[in-house]
Amino acid sequence: MNLKSLAKDTAIYGLSSIVARFINYLLVPIQTARFAASGGEYGIITNIYAYVSLLIILLTYGMETTFFRFMTKEGEDPQRIYSTTLRMVGVTSLLSIIAVLLFIHPIAAAAGYADHPEYVAVMFVTVAIDAFTAIPFAYLRILHKPVKFATLKVANILLNITLNLTYLIILPELKINLFGLYDDHFTLDVVFVFYINLLCTLFTLLLLGKELRGISFGFDKAACKRMLSYAWPLLVMGLAGQLNQAASQIIFPYFYNGSNTEALSQLGIYGASIKIAMVMVMLTQAFRFAYEPFVFSNKDADKKDTYAKAMKYYLIFTLLAFLAVMGYIDILRLLIGRSYWEGLRVVPIVMAAEIMFGVFFNLSFWYKLTDRTIWGAWFSGIGAAVLITTDILFIPRFSYMACAWAGFAAYGVSMILSYFIGQKYYPINYPLRDIALYVSLAAMLYALMTLGHDRLTTWASLSVNTLLLLVFAAVILKREFFRKAVK
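Below or above, wherever it landed, is the structure these notes cover. For clarity, every value in this text was computed on a predicted model and none was experimentally measured.

**Observations concerning the overall build of the protein chain**
Across its full length, the protein chain carries 20 helices and zero strands. The 487 residues of the protein chain split such that 53% are buried. Intrachain contacts of the protein chain at a sequence separation of at least 6 include 83% that bridge at least 24 residues.

Written out as structure tokens, the structure reads:
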């Protein structure tokens, strides 16, 4: 597998991710239109799904990356590895569901939902099934079947958006109380948003029936021990890394200087605003889906040079995405309800933080390839400590702006530590001069966009921003493509 193959798979994953995210974005205007910021319902959704993002890491416990490593490792039987991984994650997911349902009331109370334990119950069952399906999805990636992977992901989201649209818009407007979902006033209950997600997850599980047959290849106890030994630092690293994305939304209600309703309202504004910044998460995720199997299966002698080039091109396209989002923010803000617009000031901070997370992910392969995964746990743990400390100190004073800057600081620290220590154990000659040039150019163009936005009309600002985007694209084309084509 070479860079062309990586680009092809990334394009498929990326296109499907773009389509899926675009469809998923439709949930934002629907939900933010139906659930006003002042009501706090969207804050509940934001808070619950922050827990989901952590639980999916806990319940997969590093087995996705471990699966890639052992499927391509010399001396391992791929079929037995796949079956063993399926059984491991399947059993732990089932046991976790049983445990949570047995102790649902104290767990719900600890999460702040003592009056609504059904929120926690439905959410946990959904995430446990998602954790199990992560392994067959990883199997599709290792088989280089991005089309099926993408089709299943998009189908899940299409069903989700259809059911949300039906429950939140169509049935209330038509005054059709199907299955007794509403009261006499057609009041919307946020719990049905979680039920819809559970139904979509079960639908995806059904469509993965062919891949789930691989569970019949048996269980390798010795391989299980080796995989757990490899995976546990990845679990720590994953939890710490995900804390950098989710901790702010989890702890915000506990440290906000105001009532619980007001805290959920502010959290909802933050959660809706960062949805616009999620285009960066989308690009990073698309790259990750293709890059992990690429790295672990790449046997080229010059692979370090390939990794260096991949880093540069990742930064080029994410910087372009950053400028595009910020250049057209006046259009993109229409994706969320007007009552949430005040939170858009966090978008550039969150996007910059996600770029640094992508760089950290690119850098992370030095300790994965050298089986020093404990370093990843240290980097992510330190980053999480920076984030949580920043949140606790500054949320009472600066509200959700503290959350945005906390993530920026956390990813920046993790990225810097991974680079300098990685150069000691697995040195790679990254094109730092080119990277510095492109980052500086993007920063300068963004400053000009901000300056124009404050002084020009909306349409004039959009026109200027388009020209600035073309300037960035022209510099990239001249330096990276035209010059090399001439050579």
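**Structural notes on a nonpolar patch on the surface**
Together, Val91, Leu94, Leu95, Ile98, Leu102, Phe103 and Ile107 make up a nonpolar patch on the protein surface, roughly 690 Å² of accessible area in all. Here the element with the most residues in the nonpolar patch is helix α5 (residues 78-102); it accounts for five residues. Mapped onto the elements of the fold, Ile98 is located in helix α5. Residue class for Ile98 comes out partly exposed when judged on its relative accessible area of 42%.

**Overview of α5**
In this model, α5 (25 residues) spans 36 Å end to end at C-alpha, consistent with the 36 Å of a helix rising 1.5 Å per residue. For α5, the full list of buried residues reads Ile81, Tyr82, Ser83, Thr84, Thr85, Leu86, Met88, Val89, Ser93, Ser96, Ile97 and Val100. For α5, the N-terminal capping position is held by Asp77, with its side-chain oxygen 3.2 Å away from the main-chain nitrogen of Gln79.

**Quick word on the side chain of Gln249**
Secondary-structure assignment places Gln249 in helix α11 (residues 221-255). Gln249 gets classed as buried once you look at its relative accessible area, which sits at 9%. With residues up to four places along the chain from it excluded, the contact list for Gln249 reads Thr46, Asn47, Ala50, Leu267, Tyr270 and Ile274.

**Section: the environment of Phe203**
Relative to the helices and strands, Phe203 resides in helix α9 (residues 191-207). Separated by 47 residues in the primary sequence, Phe203 and Asn156 have C-alpha atoms spaced 7.3 Å apart. If near-sequence neighbours (up to four positions away) are discounted, Phe203 is found in contact with Ala155 and Leu159.

**A look at the nonpolar core**
Side chains of nonpolar character tend, in soluble globular proteins, to be buried together. In terms of nonpolar packing, the biggest core is built from 143 residues, with Tyr270 and Val347 touching the most fellow members. At 16 residues, helix α7 (residues 117-142) tops the list of elements feeding residues into this core. Each residue touching Val347, except ones within four places of it in the same chain, is listed here: Ser273, Ile276, Ala277, Val325, Met326 and Ile329.

**Thoughts on the layout of surface pockets**
One number sums up the size of the second largest pocket: a volume of about 530 Å³. For the second largest pocket, the lining is made up of 23 residues, of which Leu315, Met356, Met415, Ile435 and Val439 are closest to its centre. Contributing elements (two or more residues each) for the lining of the second largest pocket: α13 (303-327), α15 (347-363), α18 (400-425) and α19 (432-455).

**Here we look at the pattern of salt bridges**
A side chain with one charge can pair with a side chain of the opposite charge if their charged atoms come near. Under the criterion given, the structure shown has six salt bridges. With its nearest N and O atoms 2.7 Å apart, the salt bridge here joins Glu211 to Lys148. Of this pair, Glu211 sits in helix α10 (residues 209-212) while Lys148 is found in helix α8 (residues 146-174), placing the two residues 63 residues apart along the sequence. The exposure class of Lys148 is partly exposed, given its relative accessible area of 29%. Its salt-bridge partner being Asp330, residue Arg333 comes within 3.9 Å of it at the nearest N-O pair. By relative accessible area, which is 26% here, Arg333 ends up partly exposed.

**Some thoughts on the packing of helix α17 (residues 374-398) against α18**
One can describe the packing of α17 onto α18 by two numbers: an axis separation of 8 Å at closest approach and a directional angle of 160 degrees. Put simply, α17 runs roughly antiparallel to α18. Read as a crossing pair, α17 and α18 show a hand that is right-handed.

**A closer look at α8**
Between its first and last C-alpha, α8 extends 40 Å over 29 residues, near the 42 Å set by a 1.5 Å rise per residue. Approximately 45 degrees is the largest bend angle found in α8, and it occurs at Thr166. Directly beyond the C-terminal end of α8, a positive phi value near 60 degrees is found at Lys175.

**Some words on the packing of aromatic side chains**
Scanning all chains against the criterion turns up 22 aromatic pairs. Summarising the aromatic geometry, the rings of Phe70 and Tyr230 are spaced 5.9 Å apart at their centres and angled 80 degrees between planes, so their arrangement reads as edge-to-face. One end of the pair, Phe70, is in helix α4 (residues 63-71); the other, Tyr230, is in helix α11, and 160 residues separate them in sequence. The exposure class of Phe70 is buried, given its relative accessible area of 1%.

Rules used throughout
- Residues numbered from 1 in each chain as written.
- Predicted model: local features only at pLDDT ≥ 70, side-chain atom pairs only at ≥ 80, totals over all residues.
- Heavy atoms only, no water.
- Helix = DSSP H or I, 4+ residues; strand = E, 2+ residues; numbered from the N terminus.
- Buried < 20%, exposed > 50% of the residue type's maximum accessible area, 1.4 Å probe, protein only.
- Contact = heavy atoms within 4.5 Å.
- Patch = residues over 30% accessible without salt bridge, like charges linked within 9 Å, V, L, I, M, F, W, Y side chains within 5 Å.
- Areas by Shrake-Rupley, 256 points an atom, 1.4 Å probe, with all protein chains shown as cover.
- Salt bridge = Lys/Arg side-chain N within 4 Å of Asp/Glu carboxyl O.
- Expected span 1.5 Å × (residues − 1).
- Polar contact = N/O pair within 3.5 Å; in protein donor to acceptor, adjacent residues only side chain to side chain.
- Core = buried A, V, L, I, M, F, W, Y, C linked by side-chain atoms within 4.5 Å.
- 1 Å grid on protein atoms, 1.4 Å probe; cavity = no way out; pocket = protein on both sides within 12 Å on 5 of 7 lines; lining within 4 Å.
- Points joined across faces, edges and corners; volume = space filled by probe spheres on them.
- Axes fitted to C-alpha atoms, helices over the stretch in contact; angles between N-to-C directions.
- Parallel < 35°, antiparallel > 145°, perpendicular 65-115°, else oblique.
- Left-handed = near helix turned anticlockwise from the far one by under 90°.
- Bend = angle between axes of the 7 residues up to and from the residue.
- Phe/Tyr/Trp six-rings, centres within 6.5 Å; stacked < 30°, edge-to-face > 60°.

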